[in-house]
2 protein chains.
Amino acid sequence: MADFDYITMDAATPSSSGPQPPKDLSHLYSRVTKQRVQSKVKDFYKYFAIPGIGNLAGGLPNASYFPYETLEAQVARADRFTPSSDDSSEGEIKKASITKKPSASSASAHITVPHASSITDPLRKIDLTTALQYGTAQGYPALYSFLRQFARENLHPNVPYLGGPDIILTNGSTDGLAKCLECLSNVWSEEKDWIREREGLLCEEFAYMNAVQGAAPRGLQAVPVKIDLDGMLTTGPGGLEDVLANWDESKGKRPHLMYTVTMGQNPTSSLLSVQRRKDIYALCSKYDVIIIEDDPYWYLQFPSAASHEAAARGLSAARVPEPHVMEKTTGFDYLDSLVPSFLNFDPDGRVLRLDTFSKTVAPGCRLGWITGQPAIIERLLRITETSTQQPSGFVQSMIAGLVMGPQPHVKALPKNKAEAMSFNGWQVSGWVRWLEGLRGEYERRMTRMCTALEAGRFQLKQQTPTKQADNDWAVISKTEMYEFDWPRAGMFVWVHMFFNTHPLFNELGQDGPLLARNLWIFLTTSPYKCLVTPGGAFSPTPAIAAEKGWQYFRLCFAAVDDDTVTMFSERFAQGVSAFWKIKDRKEFEAIDPPEDLDVNNLEGDMADLGFAWAC
Amino acid sequence: MADFDYITMDAATPSSSGPQPPKDLSHLYSRVTKQRVQSKVKDFYKYFAIPGIGNLAGGLPNASYFPYETLEAQVARADRFTPSSDDSSEGEIKKASITKKPSASSASAHITVPHASSITDPLRKIDLTTALQYGTAQGYPALYSFLRQFARENLHPNVPYLGGPDIILTNGSTDGLAKCLECLSNVWSEEKDWIREREGLLCEEFAYMNAVQGAAPRGLQAVPVKIDLDGMLTTGPGGLEDVLANWDESKGKRPHLMYTVTMGQNPTSSLLSVQRRKDIYALCSKYDVIIIEDDPYWYLQFPSAASHEAAARGLSAARVPEPHVMEKTTGFDYLDSLVPSFLNFDPDGRVLRLDTFSKTVAPGCRLGWITGQPAIIERLLRITETSTQQPSGFVQSMIAGLVMGPQPHVKALPKNKAEAMSFNGWQVSGWVRWLEGLRGEYERRMTRMCTALEAGRFQLKQQTPTKQADNDWAVISKTEMYEFDWPRAGMFVWVHMFFNTHPLFNELGQDGPLLARNLWIFLTTSPYKCLVTPGGAFSPTPAIAAEKGWQYFRLCFAAVDDDTVTMFSERFAQGVSAFWKIKDRKEFEAIDPPEDLDVNNLEGDMADLGFAWAC
């Protein structure tokens, strides 16, 4: 019942010309990880398989005592949402593409996970007798095998090392990252250890701080790398090569770990191109760095963003991402069109990819998986056995039921049976279709938000005409209050505020952070009532927060209701515009938060704001 | 949306005569735990509460994109199983008490967790919009508040420190223990650290090894304490005082952590009495030890065990546990009758108790909670935020629905509505009734197993009468092959084998471990086909495994089907009896495992056998 052998590693023998096995990277394991012994219990599971054996050994409760007879759900059909339209490359925003389309299918289906399924194949069996019992740390067999095949054949068919990757299920990507850090980093503390022993975590200059902060108590220092719209820079000052090649050992060990969100990066929405991936990978290989690729937004790559951006700004040429062609197809045009994971450029086996159901199904699933070379996955399995053991069987069986369809019951339940049998589960193609529908939804939201923000970027003001001037014309001044890129992926618009264009900038002693603080509060007041995330919340170091974190706001177009994206985006723009009209210092200083809100030390808090609960 | 303030700590002021606050034990936190900063994000949640605010800040997906419209289940009524009968003190095993009684109620009810509930109180709201969204690390508000109140008022109403304990939900007790170890122990490795820095974990002489092994990679050394039927010994050689008072610093630091299963200990089924608790606690307080009490079997305390044991053995007096009287009642006779947790004798706040749904609902829940003083619970909350974040919303909402009843929907679903409304959830009284029913089931199983084992303890053999003897009488020799205590709690019978009474003992060079190995294999062969756990699997140190681990088998009466407990218990006794009849060395050496089973190094494996997947 534990680590099962149903799926054996492809035991191909390496040839000199063909794919080579992944590198042995065990020298990068933490001391704790090296001390983990491989469980020998596996040898004993054979005994459990003796026909008719009476198991007085395992300390398991009997399934007849579980109070759940079924788990059931009403679920969406895979085609509920409309994919992105094909007109994305035409360079203009069609009305249809920003209006919410009616659902392609509002119908739903009923799924039932029975107490006992009559299926005997453990890779297809989904029932409560198995799902609610102690299980295997790598994942519930049916779901594990589905996801493993999906990862190997559909998501990442071009992994170059021999035998390909394995997966292990996690309790979401925060859990997955915690396990990767446990596996690959040593705890360091100032009071006890030498500074030269301190390990580091490479990350983007603006990063998802829940991840970076999660590493901080272990003593890992965040090592930011400069970024642009395509992700981490490899060259130039502050780029990856600069950071690694010119590492100052007096600050600690040269980092051997990188944490990166490569598709719709949080918060900047950058999309790491294929060429940039190859460049970063080459440096990581040279400097022996393991890449932890956290990609909750991989399926949200927006083909229309570049052309819509160009159209909105009257530019003749859109900054279109380079096309990529991989050797093997994913089997789906949509997946083929997505920039592929680092895994596909990883002969060494130094990439660990985190996937999650948080954004594709729901955050409350607390379910995801890690993909990587089998030897490291085995170490993560050992860590899992003595911590989370396995994700909850409730969510594992319900997700398995959704994608794999209904089960023939041992004792068929009359209720809903006909209905259940009419639904065969999403299967792989339905899963891909669901993702494509979600991409369509989010892409239209993105377009709505960006359209509204675009309209409010500039403050236009008619100069007071001089007396002698002809009243038929006037001078219009145009002040740029902020800029942003239309996100090529993800859930966020990363807005760069130009506080130096505010009329009070000089009078306030060029105190940008003060302007940022007051604008943030001002936006929460009537009639704007718009809450955004200050850029300081994504600054891996205090220096970055102080230097430029305050210049940014992150706006998320995912959380609010569909029909309010435009309204709140317009309110943001209106609020900024009204704030830029404040010319009187007293009026500025009178900006107060709504009553009962304590904003003492708000600047400090704004920099710390981690939104620990949100990805 | 994160750590919420709905339930505030009882902010009572200490008086010199009344309860005092728990002690500050932060000097026992690990270095990593000390480095965790308190999240300041809490101050910002107020902004989310501004009426009509547009949340463009949080990176959450919108609930309308969740593919689940409902979660539903068919669940047992709380009175499905029959409690233990009241005749337990009469000193004889009534037929009725070992025969499976018909279920009191085979009826089940349907529960539905709707997409959106119309309830506004977050402590009573159970819907997918909240349960499948990012949530609070301490637990889903409805379930957290239910469990917190249950823990404080019904399970442990006598916690002596001011304000009482708090709780945090876990992903099961293995996860809970891992978090406690992360919170309270420092990583140590031989290659890097001084031996004097090595920390230790006090545990029972025979212990649940998945827990102890989980601590091993961190460098914690297991420090066993001698035990008897009542649990850890406090006095005498190898008892707790001896271990702590005479600690040899050259082996590491004196342990500041204890891991203990106090009710139905795994594997010995010992039940720690109230007096022994007080004695152990006094020593832990004196030597500043934190007690991690892991009690999955607390509700399985068997009042009939002592009298049935006495009756089966013809003893005049049963070893009945001392009665206990606590100041405050739990509100339920059944709960009042259970030996109370260490928490009730803990003025210092040095007890962390692990509870789990694994044995009361199902292991696959991966759901439990930790109870302890608020300051330590807060540290565990910080650890949770950067690892598991929260248990899966699937299981949290489904358990909440089971105990708290159906929700009025925003958009009422016609189907099942009438049915759902007829079921009001188990509530506290139903939950207690369910536990009492389970206790009845397991107590009857225990009685059946022990009755069968009792019948086979001795080998009776008629001596060959000498020729001159009168054939009317014969000498009967009685060989005791094993002994055991009828478990006062838990799921296991801990059988002490007397291999020195085996006819081949001397011929085999008094090689007890060899006899144990071959008996273990012999039992798996036809016609016995009975799998038991070798005692070496529960030996915290190689020395204990070598000295006496091989003398024990653990038999679990929980896992097999109800109607086969007696059959497999009898087969065990028959197998042992047949094994004791083997007088020929060649026959002994011919004992082979079933085909295709590799038992190389079986002894080693037997000692390692951790059953990582089972409690």
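As recorded in an unreviewed UniProt entry, chain A goes by the name PLP-dependent transferase-3, listed as coming from Coleophoma crateriformis. Database annotation for chain A, UniProt heading Sequence similarities (unreviewed entry): "Belongs to the class-I pyridoxal-phosphate-dependent aminotransferase family." The Cofactor (unreviewed entry) field of the UniProt record for chain A holds the comment "pyridoxal 5'-phosphate".

Residue and element names in this part refer to chain B. Read across the sheet, seven strands follow the order 4-12-11-10-9-5-6 without closing on themselves; strand pairing throughout is mixed. Of all strands in the sheet, those bounded by a partner on one side alone are strand 4 (166-170) and strand 6 (221-225). Between one strand and the next, the sheet's axes are offset by a mean angle of 25°, whatever the strand orientation. In this sheet, strand 11 (residues 351-356) lies alongside strand 10 (residues 290-294) in parallel orientation, the contact comprising four bridges. For Glu293, the partnering residue across the bridge sits in strand 11 and is Arg353. Running at roughly 145° to strand 10, helix 9 (residues 274-286) makes contact with strand 9 (257-260), strand 10 and strand 11 of the sheet.

To continue, consider the nonpolar core. Ranked by size, the top nonpolar core spans 286 residues in total, and within it Tyr68(A), Phe572(A), Tyr68(B) and Phe572(B) carry the most contacts. Residue-level mapping places this core at the junction of two domains, with at least three residues from each of domain 1 (27-45 + 138-301 + 338-389) and domain 2 (456-608) of chain B. Among residues more than four places away in sequence, those in contact with Tyr68(B) are Ala73(A), Gln74(A), Val75(A), Ile111(A), Val361(A), Met398(A), Ile399(A), Leu402(A), His115(B), Leu128(B), Leu132(B) and Phe394(B).

Taken residue by residue, the interface counts 134 residues in chain B and 134 residues in chain A. Together, the buried faces of chain B and chain A total about 11500 Å²; carbon and sulfur atoms form 61% of this surface. The interface formed by chain B and chain A includes six salt bridges. Between Glu197(B) and Lys192(A) there is a salt bridge; the shortest N-O distance is 3.8 Å. Our enumeration of links across chain B and chain A arrives at 65 residue pairs in polar contact (both at pLDDT 80 or more).

Our next topic: the pattern of salt bridges. Residue and element names in this part refer to chain A. Applying the stated criterion across every chain yields a total of 67 salt bridges over all chains. For Arg350, the salt bridge is made with Asp288, and the minimal N-O distance between the two is 3.2 Å. Note that Arg350 is positioned in the loop between helix 11 (333-337) and strand 11 (351-356) and Asp288 in the loop between helix 9 (274-286) and strand 10 (290-294), a separation of 62 residues in sequence. Given a relative accessible area of 2%, Arg350 falls into the buried group. Accessibility expressed as a relative area gives 22% for Asp288, which makes it partly exposed. Here Arg585 makes a salt bridge to Glu589, at a shortest N to O gap of 2.9 Å. Taken together, the residues span about one helical turn, with Arg585 and Glu589 both in helix 19 (residues 585-589) at a distance of four residues. Taking relative accessible area as the criterion, Arg585 reaches 34% and is therefore assigned partly exposed.

With that settled, the discussion passes to the relation of the copies chain B and chain A. Mapping chain B onto chain A calls for a rotation angle of 180° and an axial translation of 0.0 Å; the resulting RMSD is 0.1 Å. The symmetry that links the two subunits is that of a two-fold axis. Taking the C-alpha atom as reference, chain B places Glu72(B) closest to the rotation axis, 2.3 Å from it. A symmetric contact is evident, with 99% of the interface residues of chain B recurring at the interface of chain A.

Cut-off values and rules
- Residues numbered from 1 in each chain as written.
- Chains lettered and ligands numbered in written order.
- Predicted model: local features only at pLDDT ≥ 70, side-chain atom pairs only at ≥ 80, totals over all residues.
- Heavy atoms only, no water.
- UniProt positions renumbered as here; feature names shortened; annotations may be inferred.
- Pairing = 2+ DSSP bridges.
- Helix = DSSP H or I, 4+ residues; strand = E, 2+ residues; numbered from the N terminus.
- Axes fitted to C-alpha atoms, helices over the stretch in contact; angles between N-to-C directions.
- Contact = heavy atoms within 4.5 Å.
- Core = buried A, V, L, I, M, F, W, Y, C linked by side-chain atoms within 4.5 Å.
- Buried < 20%, exposed > 50% of the residue type's maximum accessible area, 1.4 Å probe, protein only.
- Domains from an automatic or database assignment.
- Buried area = accessible area lost by both parts, 1.4 Å probe.
- Salt bridge = Lys/Arg side-chain N within 4 Å of Asp/Glu carboxyl O.
- Polar contact = N/O pair within 3.5 Å; in protein donor to acceptor, adjacent residues only side chain to side chain.
- Least-squares fit on C-alpha atoms with pLDDT ≥ 70 in both.

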